[in-house]
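The residues making up each chain are set out below.
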Amino acid sequence: MQCNNLVSVADLEREDIDELFALTAEMKESSKRGVTDLCLAGKTLGMIFEKSSMRTRVSFEVAMTQMGGHAIYLTKHDINLGERESIKDVSKVLSRFIDCVAIRTYDHKTITALADNSSVPVINALSDYTHPCQALTDLYTIKEKIGSLDNVKLAYVGDGNNVARSLAFLCAKLKVSCAVASPENYELSAEFLDELENYVKGKDSYIKQIRDPREAVKDADIIYTDTWISMGEEAEAETRRKDFNGFQVNSELISYAKNDVFVMHCLPAHRGEEITDGVIDGEHSIVYDQAENRLHVQKALLKLLISR
Ligand code: CP
Ligand code: NVA
């Protein structure tokens, strides 16, 4: 892997993604056969979490355990990043103790500042701006389910948020077509879409922002959604629930899609809001395979970043 950090999808070259996906498949297969690979014995991952997490925290910690290493979980309360001491000092001192840092925080600049001052790899475990580990897992899962990413069409229905941004960015890098259907004021920004356009210009694939969820899902192989109310947006919950009316992934919306469409969600899901029980528990849903793959993709990512 050429990059030192995973702060954003922008850090990854096509070759890095191919290498990561190949190693993920290999490690997943070995792990299913019960083969142990203690490639990170003696290594430590520091995990700074300023927001709640279940999947990301557990999958990173289990990943380190399975590879013979160790993970330390640090909450906002433990280190009080930027308040008790500067991000620069935290980063420089952590670099003397540990082998890699994963951080989940609000402001994306906190992660870039941490990475700028770190001599060990820094992984973005979610910021308000992006969630690259999720996007890598999502595209890996699609490749695993469909067999290839060629000519795949993804429809994202909902908020143009952190998950949507990294997903659309990775789709653009991998030439997977992506239509994002969002209500007014919740779209991906025009500047961001312009940046992504550079990757798909002149290619058969597209990245586009549209309004109508039915139009988005019409030819899609994948329908993806995420919460309408991300962490930190709780005060807007009531307004958002009204604004997202009509953007629920339900059986009626699925009826406009292909018969063999897959439904994905990064989880946690708000059943009855952005997705119904019937869909998340139904025959199209691959959400739990998707969640499991967080572990396999992140094991490969940690191995590539730490054991160079
Ligand atoms: N999808 C995801 O990142 O889940 P957690 O917030 O539980 O980590
Ligand atoms: N968009 C959600 C993703 C959670 C994994 C949030 O930021 O809360």
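Quick look at the structure, then. Not measured: the values here are computed from a predicted model. (Residues numbered from 1 in each chain as written. Chains lettered and ligands numbered in written order. Predicted model: local features only at pLDDT ≥ 70, side-chain atom pairs only at ≥ 80, totals over all residues. Heavy atoms only, no water.)

1. Regarding the packing of aromatic side chains
Then, in step 1: Counting across every chain of the model gives eight aromatic pairs.
Then, in step 2: Relative to Phe 244, the ring of Tyr 186 has its centre 4.6 Å away and its plane inclined at 50°; by these criteria the two rings are tilted. Taken as a pair, Tyr 186 in the loop between β6 (177–181) and α8 (190–200) and Phe 244 in the loop between α10 (237–243) and α11 (251–254) lie far apart in primary sequence, 58 residues in all.
Then, in step 3: Aromatic side chains Phe 244 and Phe 247 sit 6.5 Å apart centroid to centroid with 85° between the ring planes, which places their arrangement in the edge-to-face category.
Then, in step 4: By relative accessible area, which is 0% here, Phe 244 ends up buried.
Then, in step 5: Phe 247 sits in the buried class, given a relative accessible area of 8%.
Then, in step 6: Taken together, the aromatic side chains of Tyr 186, Trp 228, Phe 244 and Phe 247 make up a single cluster linked through ring pairs.
Then, in step 7: One cation-aromatic arrangement involves Lys 51 over Tyr 106; the distance from NZ or CZ to the ring centre is 4.6 Å.
Then, in step 8: Residue placement shows Arg 57 over the ring face of Tyr 73; its charged tip is 3.6 Å from the ring centre. (Phe/Tyr/Trp six-rings, centres within 6.5 Å; stacked < 30°, edge-to-face > 60°. Helix = DSSP H or I, 4+ residues; strand = E, 2+ residues; numbered from the N terminus. Buried < 20%, exposed > 50% of the residue type's maximum accessible area, 1.4 Å probe, protein only. Lys NZ or Arg CZ within 6 Å of the ring centre and 35° of its normal.)

2. Concerning the state of the cysteines
Then, in step 1: As enumerated under the stated definition, the model contains zero disulfides in all.
Then, in step 2: Cys 178 supplies the cysteine sulfur nearest to Cys 171, a cysteine that is in no disulfide, at a spacing of 4.5 Å. (Disulfide = S-S within 2.5 Å.)

3. What about helix α5 (residues 108–116)?
Then, in step 1: Residues of α5 that are buried: His 108, Thr 110, Ile 111, Leu 114 and Ala 115. All buried residues of α5 fall inside an arc of 160° around its axis, so they share one side. The exposed set on the far side of α5, more than 90 degrees from its buried face, consists of Lys 109 and Asp 116.
Then, in step 2: Elements in contact with the buried residues of α5: β1 (44–49), α4 (87–97), β3 (100–104) and β4 (122–124).
Then, in step 3: Two to three positions downstream of the cap, the backbone nitrogen of Lys 109 sits 3.0 Å from a side-chain oxygen, assigning the N-cap of α5 to Asp 107. (Arc of directions from axis to C-beta. Contact = heavy atoms within 4.5 Å. Polar contact = N/O pair within 3.5 Å; in protein donor to acceptor, adjacent residues only side chain to side chain.)

4. What about the environment of Lys 203?
Then, in step 1: Tracing the chain through its elements places Lys 203 in the loop between α8 and β7 (207–210).
Then, in step 2: Once the C-alpha coordinates of Lys 203 and Lys 175 are considered, the two residues, 28 residues apart in sequence, prove to be 7.7 Å apart.

5. Things to note about the layout of surface pockets
Then, in step 1: In this structure, the largest pocket encloses a volume near 520 Å³.
Then, in step 2: For the largest pocket, the lining is made up of 33 residues, of which Leu 126, Asn 162, Thr 227, Ser 230 and Met 231 are closest to its centre.
Then, in step 3: Ranked by the residues each element gives to the lining of the largest pocket, the list is headed by helix α7 (residues 162–174), at three residues.
Then, in step 4: Class assignment for the residues of the lining of the largest pocket results in nine nonpolar, 12 polar and 12 charged.
Then, in step 5: Roughly 260 Å³ of volume is contained in the second largest pocket.
Then, in step 6: If you trace the second largest pocket, you find 15 residues lining it, with Leu 149, Asp 150, Asn 151, Leu 174 and Lys 175 closest to the centre.
Then, in step 7: Examining the composition of the lining of the second largest pocket, we find that three residues originate from one element, helix α1 (residues 14–32), more than from any other.
Then, in step 8: Looking at the lining of the second largest pocket residue by residue, the classes come out as four nonpolar, three polar and eight charged. (1 Å grid on protein atoms, 1.4 Å probe; cavity = no way out; pocket = protein on both sides within 12 Å on 5 of 7 lines; lining within 4 Å. Points joined across faces, edges and corners; volume = space filled by probe spheres on them. Nonpolar A, V, L, I, M, F, W, Y, C, P; charged D, E, K, R; others polar.)

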